[in-house]
Amino acid sequence: MTDLPGIVVTGASGRMGQMLIRTIAESGRARLVGALERKGHDWIGRDVGEAMGGAALGVSVTDDALEAFANAHAVIDFTAPAATVEFAGIAAQARCVHVIGTTGMSEDDLSKVKAAARHAVVVRAGNMSLGVNLLVQLTKKVAAALDEDFDIEVIEAHHNQKVDAPSGTALMLGQAAADGRGVDLDTVSDRGRDGITGKRERGHIGFHAIRGGDIVGEHDVLFAATGERITLRHVASDRAVFARGALKAALWGQGRGPGEYDMLDVLGLSEN
Ligand SMILES: NC(=O)C1=CN([C@@H]2O[C@H](COP(=O)(O)OP(=O)(O)OC[C@H]3O[C@@H](n4cnc5c(N)ncnc54)[C@H](O)[C@@H]3O)[C@@H](O)[C@H]2O)C=CC1
Ligand SMILES: O=C(O)C1=N[C@H](C(=O)O)C[C@H](O)C1
(Lines give C-alpha, C1' and ligand atoms only; values in the text may rest on other atoms or scores of the structure.)
(Ligands and ions follow the chains in the order given, each with its own letter.)
Protein backbone atom coordinates (compact mmCIF):
# COMPACT_ATOMS: atom_id res chain seq x y z
CA MET A 1 0.00 0.00 0.00
CA THR A 2 2.79 2.46 0.92
CA ASP A 3 4.41 1.72 -2.49
CA LEU A 4 1.52 3.41 -4.24
CA PRO A 5 2.18 6.96 -5.48
CA GLY A 6 1.29 9.53 -2.82
CA ILE A 7 -1.02 12.32 -3.94
CA VAL A 8 -1.90 15.70 -2.44
CA VAL A 9 -5.26 17.25 -3.33
CA THR A 10 -5.47 21.03 -3.16
CA GLY A 11 -8.81 22.77 -2.67
CA ALA A 12 -9.86 19.71 -0.66
CA SER A 13 -13.29 21.04 0.36
CA GLY A 14 -14.25 22.14 -3.16
CA ARG A 15 -16.57 20.38 -5.61
CA MET A 16 -13.63 18.84 -7.46
CA GLY A 17 -11.44 18.46 -4.34
CA GLN A 18 -13.96 16.18 -2.65
CA MET A 19 -14.56 14.19 -5.85
CA LEU A 20 -10.79 13.70 -6.24
CA ILE A 21 -10.37 12.51 -2.66
CA ARG A 22 -13.13 9.92 -3.14
CA THR A 23 -11.68 8.83 -6.49
CA ILE A 24 -8.17 8.36 -5.06
CA ALA A 25 -9.46 6.50 -1.99
CA GLU A 26 -11.47 4.09 -4.17
CA SER A 27 -8.86 3.64 -6.93
CA GLY A 28 -6.44 1.21 -5.28
CA ARG A 29 -3.77 2.79 -7.54
CA ALA A 30 -2.68 5.75 -5.40
CA ARG A 31 -2.87 6.92 -1.82
CA LEU A 32 -3.92 10.29 -0.44
CA VAL A 33 -1.00 11.82 1.46
CA GLY A 34 -2.17 15.41 1.78
CA ALA A 35 -5.25 17.62 1.63
CA LEU A 36 -4.77 21.35 1.28
CA GLU A 37 -7.13 24.23 1.85
CA ARG A 38 -6.72 28.01 1.95
CA LYS A 39 -5.55 29.72 5.14
CA GLY A 40 -8.39 30.30 7.63
CA HIS A 41 -10.64 27.57 6.14
CA ASP A 42 -12.64 25.80 8.87
CA TRP A 43 -11.49 22.34 7.68
CA ILE A 44 -7.82 23.07 8.59
CA GLY A 45 -6.64 20.54 11.22
CA ARG A 46 -9.59 18.17 10.71
CA ASP A 47 -9.37 14.68 9.19
CA VAL A 48 -10.42 15.24 5.57
CA GLY A 49 -12.63 12.10 5.40
CA GLU A 50 -14.55 13.20 8.50
CA ALA A 51 -14.80 16.79 7.26
CA MET A 52 -16.41 15.35 4.09
CA GLY A 53 -18.96 13.59 6.29
CA GLY A 54 -17.53 10.07 5.97
CA ALA A 55 -14.99 7.77 7.63
CA ALA A 56 -11.58 9.09 8.72
CA LEU A 57 -8.89 8.87 6.01
CA GLY A 58 -5.93 9.55 8.33
CA VAL A 59 -5.03 12.81 6.53
CA SER A 60 -5.42 16.16 8.26
CA VAL A 61 -6.29 19.20 6.16
CA THR A 62 -3.42 21.68 6.08
CA ASP A 63 -2.64 25.10 4.63
CA ASP A 64 1.12 24.36 4.42
CA ALA A 65 1.80 23.50 0.76
CA LEU A 66 5.58 23.32 1.20
CA GLU A 67 5.33 20.60 3.85
CA ALA A 68 2.51 18.71 2.08
CA PHE A 69 4.23 18.62 -1.33
CA ALA A 70 7.62 17.59 0.12
CA ASN A 71 6.44 13.99 0.64
CA ALA A 72 4.22 13.62 -2.41
CA HIS A 73 4.65 12.10 -5.88
CA ALA A 74 1.92 14.29 -7.36
CA VAL A 75 -0.33 17.24 -6.61
CA ILE A 76 -3.80 17.41 -8.15
CA ASP A 77 -4.90 21.00 -8.24
CA PHE A 78 -8.41 22.26 -9.05
CA THR A 79 -8.48 25.59 -7.20
CA ALA A 80 -8.13 29.15 -8.51
CA PRO A 81 -5.52 30.85 -10.76
CA ALA A 82 -3.52 32.67 -8.04
CA ALA A 83 -3.31 29.52 -5.91
CA THR A 84 -2.31 27.37 -8.89
CA VAL A 85 0.54 29.72 -9.83
CA GLU A 86 1.84 29.55 -6.25
CA PHE A 87 1.51 25.73 -6.18
CA ALA A 88 3.36 25.43 -9.53
CA GLY A 89 6.47 26.97 -7.96
CA ILE A 90 6.26 24.78 -4.86
CA ALA A 91 5.59 21.57 -6.84
CA ALA A 92 8.59 22.33 -9.08
CA GLN A 93 10.77 22.80 -5.99
CA ALA A 94 9.52 19.49 -4.56
CA ARG A 95 9.91 17.85 -8.03
CA CYS A 96 6.42 16.41 -7.89
CA VAL A 97 4.03 16.04 -10.82
CA HIS A 98 1.58 18.95 -10.88
CA VAL A 99 -1.80 18.14 -12.46
CA ILE A 100 -3.64 21.40 -13.10
CA GLY A 101 -7.38 21.48 -13.74
CA THR A 102 -7.85 25.11 -12.72
CA THR A 103 -9.35 27.30 -15.47
CA GLY A 104 -9.57 31.07 -15.99
CA MET A 105 -5.79 31.52 -15.96
CA SER A 106 -4.32 34.69 -17.55
CA GLU A 107 -1.42 34.74 -20.01
CA ASP A 108 0.81 35.91 -17.14
CA ASP A 109 -0.34 32.99 -14.95
CA LEU A 110 0.34 30.57 -17.79
CA SER A 111 3.84 31.90 -18.37
CA LYS A 112 4.62 31.27 -14.67
CA VAL A 113 3.33 27.71 -14.96
CA LYS A 114 5.46 27.24 -18.07
CA ALA A 115 8.52 28.41 -16.12
CA ALA A 116 7.78 25.88 -13.36
CA ALA A 117 7.49 23.12 -15.98
CA ARG A 118 11.20 23.54 -16.73
CA HIS A 119 11.86 21.71 -13.45
CA ALA A 120 8.97 19.28 -13.06
CA VAL A 121 6.17 17.54 -14.94
CA VAL A 122 3.06 19.68 -15.36
CA VAL A 123 -0.10 18.25 -16.91
CA ARG A 124 -2.63 21.00 -17.55
CA ALA A 125 -6.00 20.82 -19.29
CA GLY A 126 -9.22 22.82 -19.13
CA ASN A 127 -11.02 19.49 -19.19
CA MET A 128 -9.66 16.13 -18.00
CA SER A 129 -12.43 13.89 -19.39
CA LEU A 130 -11.78 11.39 -22.16
CA GLY A 131 -14.90 12.52 -24.03
CA VAL A 132 -13.96 16.20 -24.23
CA ASN A 133 -10.40 15.46 -25.31
CA LEU A 134 -11.77 13.26 -28.09
CA LEU A 135 -14.16 16.09 -29.00
CA VAL A 136 -11.18 18.45 -29.26
CA GLN A 137 -9.65 16.23 -31.95
CA LEU A 138 -12.99 15.83 -33.74
CA THR A 139 -13.52 19.59 -33.72
CA LYS A 140 -10.11 20.15 -35.27
CA LYS A 141 -10.84 17.60 -38.01
CA VAL A 142 -14.33 18.95 -38.82
CA ALA A 143 -13.05 22.55 -38.87
CA ALA A 144 -10.28 21.51 -41.26
CA ALA A 145 -12.77 19.75 -43.55
CA LEU A 146 -15.26 22.65 -43.80
CA ASP A 147 -14.67 26.09 -45.26
CA GLU A 148 -15.81 29.46 -43.89
CA ASP A 149 -19.32 28.94 -45.32
CA PHE A 150 -19.75 27.16 -41.98
CA ASP A 151 -19.95 29.59 -39.06
CA ILE A 152 -18.45 28.13 -35.87
CA GLU A 153 -20.01 28.86 -32.47
CA VAL A 154 -18.99 27.27 -29.16
CA ILE A 155 -21.80 27.16 -26.59
CA GLU A 156 -21.17 26.02 -23.01
CA ALA A 157 -23.38 25.56 -19.95
CA HIS A 158 -22.28 25.25 -16.30
CA HIS A 159 -23.59 25.51 -12.74
CA ASN A 160 -24.34 28.86 -11.13
CA GLN A 161 -21.21 28.81 -8.91
CA LYS A 162 -18.71 28.90 -11.80
CA VAL A 163 -16.64 32.09 -11.75
CA ASP A 164 -14.93 32.11 -15.18
CA ALA A 165 -16.29 32.39 -18.73
CA PRO A 166 -15.90 31.15 -21.34
CA SER A 167 -15.08 27.82 -19.74
CA GLY A 168 -11.60 26.33 -20.11
CA THR A 169 -13.18 23.60 -22.23
CA ALA A 170 -14.85 26.11 -24.56
CA LEU A 171 -11.46 27.76 -25.09
CA MET A 172 -9.86 24.36 -25.85
CA LEU A 173 -12.60 23.66 -28.41
CA GLY A 174 -12.30 27.14 -29.92
CA GLN A 175 -8.54 26.69 -30.18
CA ALA A 176 -9.03 23.31 -31.87
CA ALA A 177 -11.43 24.87 -34.39
CA ALA A 178 -8.96 27.70 -35.09
CA ASP A 179 -6.09 25.20 -35.46
CA GLY A 180 -8.18 23.12 -37.87
CA ARG A 181 -8.84 26.20 -39.97
CA GLY A 182 -5.27 27.43 -39.67
CA VAL A 183 -6.26 30.80 -38.16
CA ASP A 184 -5.22 32.72 -35.03
CA LEU A 185 -7.97 32.34 -32.39
CA ASP A 186 -7.34 35.76 -30.80
CA THR A 187 -7.93 37.46 -34.16
CA VAL A 188 -11.24 35.70 -34.93
CA SER A 189 -12.71 35.25 -31.45
CA ASP A 190 -16.16 36.80 -30.66
CA ARG A 191 -16.92 36.56 -26.93
CA GLY A 192 -20.71 36.71 -26.51
CA ARG A 193 -22.92 39.23 -28.32
CA ASP A 194 -24.94 42.12 -26.92
CA GLY A 195 -26.55 45.16 -28.52
CA ILE A 196 -26.13 46.35 -32.12
CA THR A 197 -23.18 44.14 -32.92
CA GLY A 198 -23.46 44.28 -36.70
CA LYS A 199 -23.68 41.16 -38.82
CA ARG A 200 -21.66 38.10 -37.97
CA GLU A 201 -18.18 38.28 -39.48
CA ARG A 202 -17.30 35.45 -41.82
CA GLY A 203 -14.58 33.22 -40.36
CA HIS A 204 -15.12 34.32 -36.77
CA ILE A 205 -15.54 31.84 -33.88
CA GLY A 206 -18.22 32.75 -31.32
CA PHE A 207 -18.33 31.85 -27.60
CA HIS A 208 -21.47 31.83 -25.45
CA ALA A 209 -21.84 30.92 -21.78
CA ILE A 210 -24.97 29.72 -19.97
CA ARG A 211 -24.94 29.57 -16.13
CA GLY A 212 -27.62 27.85 -14.09
CA GLY A 213 -28.45 25.43 -11.28
CA ASP A 214 -26.22 22.40 -10.91
CA ILE A 215 -25.22 21.81 -14.57
CA VAL A 216 -21.92 19.88 -14.39
CA GLY A 217 -20.63 20.91 -17.84
CA GLU A 218 -22.06 20.86 -21.37
CA HIS A 219 -20.31 21.91 -24.58
CA ASP A 220 -21.60 22.24 -28.14
CA VAL A 221 -19.53 23.14 -31.17
CA LEU A 222 -21.92 24.33 -33.86
CA PHE A 223 -20.93 24.46 -37.53
CA ALA A 224 -23.79 26.34 -39.23
CA ALA A 225 -24.07 26.93 -42.99
CA THR A 226 -26.95 27.85 -45.28
CA GLY A 227 -29.30 24.87 -45.40
CA GLU A 228 -27.49 22.58 -42.95
CA ARG A 229 -25.70 22.48 -39.63
CA ILE A 230 -23.59 20.07 -37.60
CA THR A 231 -23.35 20.01 -33.80
CA LEU A 232 -20.60 18.21 -31.89
CA ARG A 233 -21.69 17.82 -28.26
CA HIS A 234 -20.29 16.63 -24.96
CA VAL A 235 -22.34 16.38 -21.78
CA ALA A 236 -20.70 15.67 -18.41
CA SER A 237 -23.28 14.47 -15.89
CA ASP A 238 -20.80 13.45 -13.16
CA ARG A 239 -17.60 15.21 -11.99
CA ALA A 240 -16.04 11.76 -11.56
CA VAL A 241 -15.03 11.90 -15.25
CA PHE A 242 -12.73 14.86 -14.52
CA ALA A 243 -11.34 13.25 -11.34
CA ARG A 244 -10.59 9.95 -13.09
CA GLY A 245 -8.75 11.83 -15.85
CA ALA A 246 -6.75 13.84 -13.31
CA LEU A 247 -5.71 10.70 -11.41
CA LYS A 248 -4.69 9.06 -14.70
CA ALA A 249 -2.55 12.13 -15.47
CA ALA A 250 -0.88 12.03 -12.02
CA LEU A 251 0.09 8.38 -12.54
CA TRP A 252 1.14 8.91 -16.19
CA GLY A 253 3.49 11.71 -15.13
CA GLN A 254 5.56 9.51 -12.78
CA GLY A 255 9.12 9.09 -14.05
CA ARG A 256 8.63 11.42 -17.04
CA GLY A 257 11.01 14.26 -17.91
CA PRO A 258 10.14 17.85 -16.95
CA GLY A 259 7.80 19.71 -19.30
CA GLU A 260 4.27 20.91 -19.86
CA TYR A 261 1.88 18.21 -21.09
CA ASP A 262 -1.87 18.02 -21.67
CA MET A 263 -4.54 15.33 -21.58
CA LEU A 264 -4.05 14.53 -25.27
CA ASP A 265 -0.54 13.37 -24.29
CA VAL A 266 -1.87 11.39 -21.33
CA LEU A 267 -4.65 9.73 -23.34
CA GLY A 268 -2.46 9.07 -26.39
CA LEU A 269 -4.70 11.27 -28.57
CA SER A 270 -1.97 13.75 -29.51
CA GLU A 271 -1.27 13.92 -33.25
CA ASN A 272 2.27 15.32 -32.87
N1 LIG B 1 -10.01 20.73 -15.95
C2 LIG B 1 -11.14 20.10 -15.59
O3 LIG B 1 -11.42 18.94 -16.00
C4 LIG B 1 -12.05 20.78 -14.62
C5 LIG B 1 -11.71 22.00 -14.14
N6 LIG B 1 -12.47 22.60 -13.17
C7 LIG B 1 -11.92 23.84 -12.64
O8 LIG B 1 -11.41 23.59 -11.33
C9 LIG B 1 -11.50 24.75 -10.53
C10 LIG B 1 -12.24 24.45 -9.23
O11 LIG B 1 -13.55 24.08 -9.50
P12 LIG B 1 -14.56 23.67 -8.32
O13 LIG B 1 -14.02 22.52 -7.57
O14 LIG B 1 -15.90 23.59 -8.94
O15 LIG B 1 -14.48 24.99 -7.43
P16 LIG B 1 -14.74 25.14 -5.84
O17 LIG B 1 -14.92 26.60 -5.60
O18 LIG B 1 -15.81 24.20 -5.40
O19 LIG B 1 -13.36 24.65 -5.19
C20 LIG B 1 -12.17 25.37 -5.21
C21 LIG B 1 -11.49 25.12 -3.87
O22 LIG B 1 -10.17 25.68 -3.92
C23 LIG B 1 -9.91 26.21 -2.64
N24 LIG B 1 -8.81 27.19 -2.71
C25 LIG B 1 -8.80 28.42 -3.24
N26 LIG B 1 -7.60 29.01 -3.03
C27 LIG B 1 -6.83 28.12 -2.35
C28 LIG B 1 -5.51 28.15 -1.81
N29 LIG B 1 -4.72 29.22 -1.96
N30 LIG B 1 -5.05 27.04 -1.17
C31 LIG B 1 -5.83 25.94 -1.05
N32 LIG B 1 -7.10 25.86 -1.50
C33 LIG B 1 -7.60 26.94 -2.15
C34 LIG B 1 -11.24 26.84 -2.23
O35 LIG B 1 -11.30 27.10 -0.82
C36 LIG B 1 -12.21 25.78 -2.69
O37 LIG B 1 -12.42 24.80 -1.68
C38 LIG B 1 -12.20 25.81 -11.42
O39 LIG B 1 -11.21 26.60 -12.05
C40 LIG B 1 -12.91 24.95 -12.46
O41 LIG B 1 -13.18 25.62 -13.67
C42 LIG B 1 -13.57 22.00 -12.65
C43 LIG B 1 -13.97 20.80 -13.12
C44 LIG B 1 -13.26 20.08 -14.16
O1 LIG C 1 -16.05 24.83 -13.35
C2 LIG C 1 -16.47 23.71 -13.72
O3 LIG C 1 -17.35 23.10 -13.09
C4 LIG C 1 -15.86 23.09 -14.90
N5 LIG C 1 -14.84 23.69 -15.41
C6 LIG C 1 -14.08 23.26 -16.52
C7 LIG C 1 -14.13 24.30 -17.62
O8 LIG C 1 -14.00 25.51 -17.31
O9 LIG C 1 -14.27 23.94 -18.79
C10 LIG C 1 -14.39 21.86 -16.96
C11 LIG C 1 -15.79 21.40 -16.75
O12 LIG C 1 -16.59 21.80 -17.82
C13 LIG C 1 -16.37 21.81 -15.41
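Residues numbered from 1 in each chain as written. Chains lettered and ligands numbered in written order. Predicted model: local features only at pLDDT ≥ 70, side-chain atom pairs only at ≥ 80, totals over all residues. Heavy atoms only, no water.

1. Description of the site of ligand 2
Then step 1. Near ligand 2 you find Thr103, Gly126, Asn127, His158, His159, Lys162, Ser167, Gly168, Thr169, Val216, His219 and Phe242, and these make up its full shell.
Then step 2. At 3.5 Å, a backbone N or O of Gly126 approaches an oxygen atom of ligand 2.
Then step 3. Burial of ligand 2 by the surrounding chains reaches 85%, relative to a free accessible area of 330 Å².
Then step 4. Split into classes, the residues belonging to the shell around ligand 2 amount to two nonpolar, nine polar and one charged.
Then step 5. Each of two domains, domain 1 (6-128 + 239-267) and domain 2 (130-236), supplies a minimum of three residues to the shell around ligand 2. (Near = heavy atom within 4 Å. Polar contact = N/O pair within 3.5 Å; in protein donor to acceptor, adjacent residues only side chain to side chain. Areas by Shrake-Rupley, 256 points an atom, 1.4 Å probe, with all protein chains shown as cover. Nonpolar A, V, L, I, M, F, W, Y, C, P; charged D, E, K, R; others polar. Domains from an automatic or database assignment.)

2. Regarding the sheet that holds strand β12 (residues 259-261)
Then step 1. Read across the sheet, seven strands follow the order β3-β2-β1-β4-β5-β6-β12 without closing on themselves; strand pairing throughout is parallel. Each end of this open sheet is capped by a strand with a single partner; those strands are β3 (61-62) and β12.
Then step 2. Pairing analysis gives four bridges linking strand β4 (residues 74-77) to strand β5 (residues 97-100), with the strands arranged parallel. Each residue of the ladder has a partner; that of Asp77, found in β5, is Ile100.
Then step 3. In this fold helix α4 (residues 81-94) packs onto β1 (6-10), β2 (31-36), β4 and β5, with an angle of close to 165° to the strand it touches most, β5. (Pairing = 2+ DSSP bridges. Helix = DSSP H or I, 4+ residues; strand = E, 2+ residues; numbered from the N terminus. Contact = heavy atoms within 4.5 Å. Axes fitted to C-alpha atoms, helices over the stretch in contact; angles between N-to-C directions.)

3. Section: the nonpolar core
Then step 1. Counting residues in hydrophobic clusters, the biggest one holds 37 residues, and the most contacted among them are Ile7, Leu20, Ile24, Val48, Ile76 and Val99.
Then step 2. At eight residues, helix α9 (residues 240-252) tops the list of elements feeding residues into this core.
Then step 3. Those residues in contact with Leu20 that sit more than four places away from it in its chain are Val9, Ile76, Phe78, Ala243 and Ala246.
Then step 4. In terms of nonpolar packing, the next biggest core, distinct from the first, is built from 22 residues, Ile152, Ala170, Phe207 and Val221 among them. (Core = buried A, V, L, I, M, F, W, Y, C linked by side-chain atoms within 4.5 Å. Buried < 20%, exposed > 50% of the residue type's maximum accessible area, 1.4 Å probe, protein only.)

4. Topic: the confidence of the model for the protein chain
Then step 1. Across the protein chain, the average pLDDT comes to 97, with 99% of residues at or above 70.
Then step 2. What the predictor reports for the complex is a pTM of 0.98 with an ipTM of 0.99. (pLDDT = per-residue confidence, 0-100.)

5. Description of the site of ligand 1
Then step 1. Not every one of the 21 residues close to ligand 1 is listed here, only the nearest: Arg15, Glu37, Thr103, Met128 and Lys162.
Then step 2. At 3.3 Å, a backbone N or O of Gly14 approaches an oxygen atom of ligand 1.
Then step 3. A distance of 3.0 Å is found between a nitrogen atom of ligand 1 and a backbone nitrogen or oxygen belonging to Ala125.
Then step 4. For ligand 1, the accessible surface in isolation is 860 Å², of which the surrounding protein chains cover 81%.
Then step 5. Elements with a minimum of two residues in the shell around ligand 1: α1 (15-27) and α4.
Then step 6. Along the lines of polarity and charge, the residues of the shell around ligand 1 split into seven nonpolar, nine polar and five charged.

6. Some thoughts on the sheet that holds strand β10 (residues 217-225)
Sheet strands pair via backbone hydrogen bonds, and the direction of the pair is either parallel or antiparallel.
Then step 1. The five strands lie next to each other as β8-β9-β7-β10-β11, forming an open sheet whose pairing is mixed. Each edge of the open sheet is held by one strand with a lone partner, namely β8 (189-191) and β11 (228-236). When strand polarity is set aside, the average angle formed by the axes of neighbouring strands in this sheet is 15°.
Then step 2. Here strand β7 (residues 151-158) runs beside β10; their pairing, made up of seven bridges, is antiparallel. Within the sheet, the bridge partner assigned to Ile152 lies in β10 and is Phe223.

7. Observations concerning unusual backbone geometry
Then step 1. The linkage connecting Ala165 with the following residue, Pro166, adopts the cis geometry, with an omega of -10°.
Then step 2. Position of Pro166 relative to the elements: it lies in the loop between β7 and α7 (168-181).
Then step 3. The phi dihedral of Arg95 falls on the positive side, at around 60°, and the residue is not glycine.
Then step 4. Here Arg95 shows up in the loop between α4 and β5.

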